[in-house]
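Each chain, written out:
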Amino acid sequence: MPTSNPSKTCSLAIHCEELGTRIEVLDAEFRPVKLPNNLGDVEIGGLAPGVYVVRFSQGGQSTERLVALTPDNPSQTVSLGSLEAPKFASAAPVKRTSTTREYQRYPAGDFSRSTPIPLPSGTSGGSRLMILLRDPYHKDGPARQLERVTLHNLAGELLGDVTRDGKVDQYDGWSGLHLDLAPGAYRLRRAPFRGMEFEQIVQTAPGWQTQVFMAAAPRDREKLETEAAFAQVSILMSPVGVGFDGDRFDLRWTEAALRAMENRSAIPGRTLSQMFREKFANPMLGIYAALLHLRREEIDPKCLGVVVRNLLELVGPLPDVLAIGHALVRRGGSVPDREWMAVASLPIGPPPMLRESWEHLVRATVHEPALIPADSFAARASASLLSGSVWLRWPAKVPMQGAGDLAAEESRKESPIEIPEILRIFGLRPSHLHTLSRAVLDFAGLRILAAALRKNPHAALEIAAPRIAPLERRLAFLLHPALDPSVAAFLEAAPDEITDPDSEVADADLIVATLKAPATAVLGAAWSLILKLARPTLPTPQNIETFITEESRGQPAYRKLFQGLRRGSGGIAHRDGTHSLNPVELLYLSYRGSPASLTKSDLDDTASRLTELGFVCNGQPIGSEELRKLHAQVQQRAVGILREQVLRGELVFSDEESSPGERLRKVRSGENEPEMTWERAVFPVPSVAERRALLPLLPSEARAAAETAVTGVAPISGRKRKTKADTATGGPTVPPNADPAPRAGGKAGGDPDPPDDAVGADGRTL
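Residues numbered from 1 in each chain as written. Predicted model: local features only at pLDDT ≥ 70, side-chain atom pairs only at ≥ 80, totals over all residues. Heavy atoms only, no water.

Visitor: Give me the lowdown on the pattern of salt bridges, citing residues and values where you can.
Guide: Taken as a whole and assessed by the stated rule, the structure comprises 16 salt bridges. Among the ionic pairs, Arg55 bridges to Glu64, the shortest N-O distance being 2.9 Å. The class of Glu64 is partly exposed, set by a relative accessible area of 44%. Residue Arg592 is joined to Glu551 by a salt bridge in which the shortest nitrogen-to-oxygen separation is 2.9 Å. Taken together, the residues Arg592 in the loop between helix 22 (583-591) and helix 23 (603-612) and Glu551 in helix 20 (residues 541-552) connect sequence positions 41 residues apart. For Glu551, a relative accessible area of 2% gives the class buried. (Salt bridge = Lys/Arg side-chain N within 4 Å of Asp/Glu carboxyl O. Buried < 20%, exposed > 50% of the residue type's maximum accessible area, 1.4 Å probe, protein only. Helix = DSSP H or I, 4+ residues; strand = E, 2+ residues; numbered from the N terminus.)

Have a look at this one:
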């Protein structure tokens, strides 16, 4: 609101009694005003006259004040008392939050100081754990049945059930479990939510009571219906015997810090110093504050070093504490403490409680891969992390093997990989194999993997197959985003938006941070993915080119035959219509088998693998019989093309092979069967076919077939009749521009029908 004397500047003083309340100032155009700091006491000078909005925010809630600065009143003060501070929801029944309830706050304190339930010898003693579930939205009278929450050791063995083994107060809407435990990490498992049972880690420390609060959130505030799962979780710590005190001012700071972590904001300034000092009574507040401080572009390494040292003395080397120390070292700081030096290089067993701590740890594994071993519980849990929470969570049933072990076992399930196959797939010379394996182990090889993904036209289908593990699939999406269905849809809608598809792969630090997985798991997934890509289910262009080269045997007419077949349809297509197999690919699968097996074709196995990738045969499921029928159709088409080439004189043969009868007897089971013409040897039954023997190679057989086509007289008993033209020219005489004679039952120039007695080398009708 400009005034008559806009040149005169004004000033504004802002005071907030509640530490941790964030201050923002907006001008009349709702543009933010730059502040010297944004907490506690703020003084701003040089403001133009006008109307300003002062916003106080804490825990995701805000309160606003309007102030008008004029030439007549250029200096004003805006204050916010502690009772006026924004009230936000919290899982713990902390005073002056929107979800505190006296009938839950005071019983929670009494319960935290009650005698804990002792567990069997070896699992109890030294620390305590209190789990309290509450429904802050229930009215007087019996509350609804609170959902099941259980506690387990790292091996998954049940230690306690909150509603079965603890105290339940249905009238006031809470239930709790108080245990005497050995210090360490435990799995807190929560009842199924949207069909999934998930869990997270809770840590206990010697001499401390860990307090876990879970509160239900309202689904409909008017009807006061609550969600089935506990939407909010808070974890606090207090010395054993002191218990929970919901009136403590530092607990409100703790809840505000948790809300800031959820909102990806920070709490800078002197409030952090206050929070750090309070860590001696509530170590979790020190952990939250340190993680928030690490979000800043510029950190105070000396202050954080002291915080890590103090936390190690208070609660020991908890993974969340170690994460802060490793993040500090990564940012160029240090922890001047002998205890830190003793634990800094130790491997992490259980994962941390907080997701942000996990992100710092996985970044540290880029330079310290042994920090999170592949067979640790942390690595196992990282394979299936869930999003949407400040806490690190995963599905309840974590496999007993580590991420690296799982990748190794998947590789063992496949047929043994041939080293030449790896080299050929990735375009490497034999001397490069060692370089490839070494490169993958230090992340440089991911560029090779990214290039292989870009060059494989079937990569999207291969990556979607069940044999690809979730971490491997996420890594593939990161290296080649176009494989991600959502990104592919975007590229299809706006192809010009992406101008550099071959850009360099992201650095290792960003890769592990994005995947939220330790370096050992990422590298294990990369190598496993390389092995699986070297064994694709569908043939790659290199596979097909090698196949054509081998079977053409240097004959241009045969190569022309394959090129003609590549333009047709093999009768097999993906159910979404994006991919279809041409006849040459079908022939490859029939004779070579899926590249994933690297063995002779097993039609049942090939049909199973194609079905796994989502392919169908003429809209119906694929089976071995369907593959045999399609093979016979391709065979008929190929014979027709070859006959036309013979009649036109385009087909030139080599004289290196023995007679067809001798060659066929090598692959036939019955010696007494009549000799078969060359047409029967074109793509014979896969079970008897040999490499480089799928097409006829004898001039005598080809000429006899041509003579049959011209004269209608078939050779007798395998003897070859030669005409004078044959003797003179070495082949049959074909009138210029003459159409090739059709076979019986077929059409000229088309796909001929098979003869009635056409049988394969094993006696089956084709």
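That covers the picture; the talk isn't over yet.
Visitor: Before we move on, could you go through the sheet that holds strand 20 (residues 615-617) and cite the residues and values that matter?
Guide: With antiparallel pairing, three strands are arranged side by side in an open sheet as 19-18-20. The strands lining the two open edges of the sheet, one partner per strand, are strand 19 (580-581) and strand 20. Bridge analysis of strand 18 (residues 572-574) against strand 20 gives three bridges, and the strand direction is antiparallel. Looking at strand 20, one finds that Ile572 is bridged to Cys617. (Pairing = 2+ DSSP bridges.)

Visitor: Tell me about the nonpolar core, and please be specific about residues and values.
Guide: With 72 residues, the main nonpolar core has Leu151, Val212, Tyr288, Ile372 and Trp391 as its most contacted residues. Of the residues forming this core, the biggest block, seven residues, is contributed by helix 6 (residues 301-315). Setting aside its immediate chain neighbours within four residues, Tyr288 contacts Ile235, Thr254, Ala257, Leu258, Met261, Leu354 and Trp391. Ranked by size, the runner-up nonpolar core spans 39 residues in total, among them Ile548, Leu586, Leu589 and Leu603. (Core = buried A, V, L, I, M, F, W, Y, C linked by side-chain atoms within 4.5 Å. Contact = heavy atoms within 4.5 Å.)

Visitor: An account of the side chain of Ser238 is needed here, citing residue identities and associated values.
Guide: Mapped onto the secondary structure, Ser238 falls in strand 16 (residues 225-239). Side chain to side chain, Ser238 and Gln211 meet in a polar contact 2.9 Å long. Only 3.2 Å separates the side chain of Ser238 from the backbone oxygen of Gly243, close enough to count as a polar contact. Not counting residues within four places of it along the chain, the set of residues in contact with Ser238 comprises Trp208, Gln209, Gln211, Gly243, Arg248 and Ala281. (Polar contact = N/O pair within 3.5 Å; in protein donor to acceptor, adjacent residues only side chain to side chain.)

Visitor: I'd like a rundown of the sheet that holds strand 6 (residues 75-80), residues and numbers included.
Guide: If you walk across this open sheet you meet the three strands as 3-1-6, and the pairing is mixed. Pairing within the sheet leaves two strands with one partner each, and these edge strands are strand 3 (41-47) and strand 6. Neighbour-to-neighbour, the strand axes of this sheet turn through a mean angle of 15°, independent of strand direction. (Axes fitted to C-alpha atoms, helices over the stretch in contact; angles between N-to-C directions.)

Visitor: Break down the confidence of the model for the protein for me, with residues and values.
Guide: Across the protein, the average pLDDT comes to 74, with 69% of residues at or above 70. Contacts from residues 713-766, a stretch scored under 50 in pLDDT, to residues over four places away or in other chains number 79 contacts. (pLDDT = per-residue confidence, 0-100.)

Visitor: Run through the packing of aromatic side chains, naming residues and quoting values.
Guide: Applying the stated rule across the entire model yields seven aromatic pairs. Their ring planes at 80° and their centres at 5.6 Å tell us that Phe547 and Tyr588 sit as a pair that is edge-to-face. In this pair, Phe547 is assigned in helix 20 and Tyr588 in helix 22, connecting sequence segments 41 residues apart. The burial state of Phe547 is the same as that of Tyr588; both residues are buried. (Phe/Tyr/Trp six-rings, centres within 6.5 Å; stacked < 30°, edge-to-face > 60°.)

Visitor: Can you break down unusual backbone geometry residue by residue, with the values?
Guide: Notably, Phe30 is not glycine yet its phi reads approximately 60°, a positive angle. Summarising the element assignment, Phe30 is placed in the loop between strand 2 (22-26) and strand 3. Backbone geometry at Arg553 places phi at a positive 55°, although glycine is not the residue there. Inspection of the secondary structure assignment puts Arg553 in the loop between helix 20 and helix 21 (556-566).

Visitor: Could you give an account of the packing of helix 14 (residues 446-455) against helix 19 (residues 519-533), naming the residues involved and the relevant values?
Guide: For the pair helix 14 and helix 19, interaxial distance at closest approach is 11 Å and the crossing angle is 35°. The hand of the helix 14/helix 19 crossing is left-handed. Residues Leu446, Leu449 and Leu453 of helix 14 pack against Ala526, Leu529, Ile530 and Leu533 of helix 19. Partitioned by chemical class, the residues of the contact of helix 14 with helix 19 number seven nonpolar, no polar and no charged. (Left-handed = near helix turned anticlockwise from the far one by under 90°. Nonpolar A, V, L, I, M, F, W, Y, C, P; charged D, E, K, R; others polar.)

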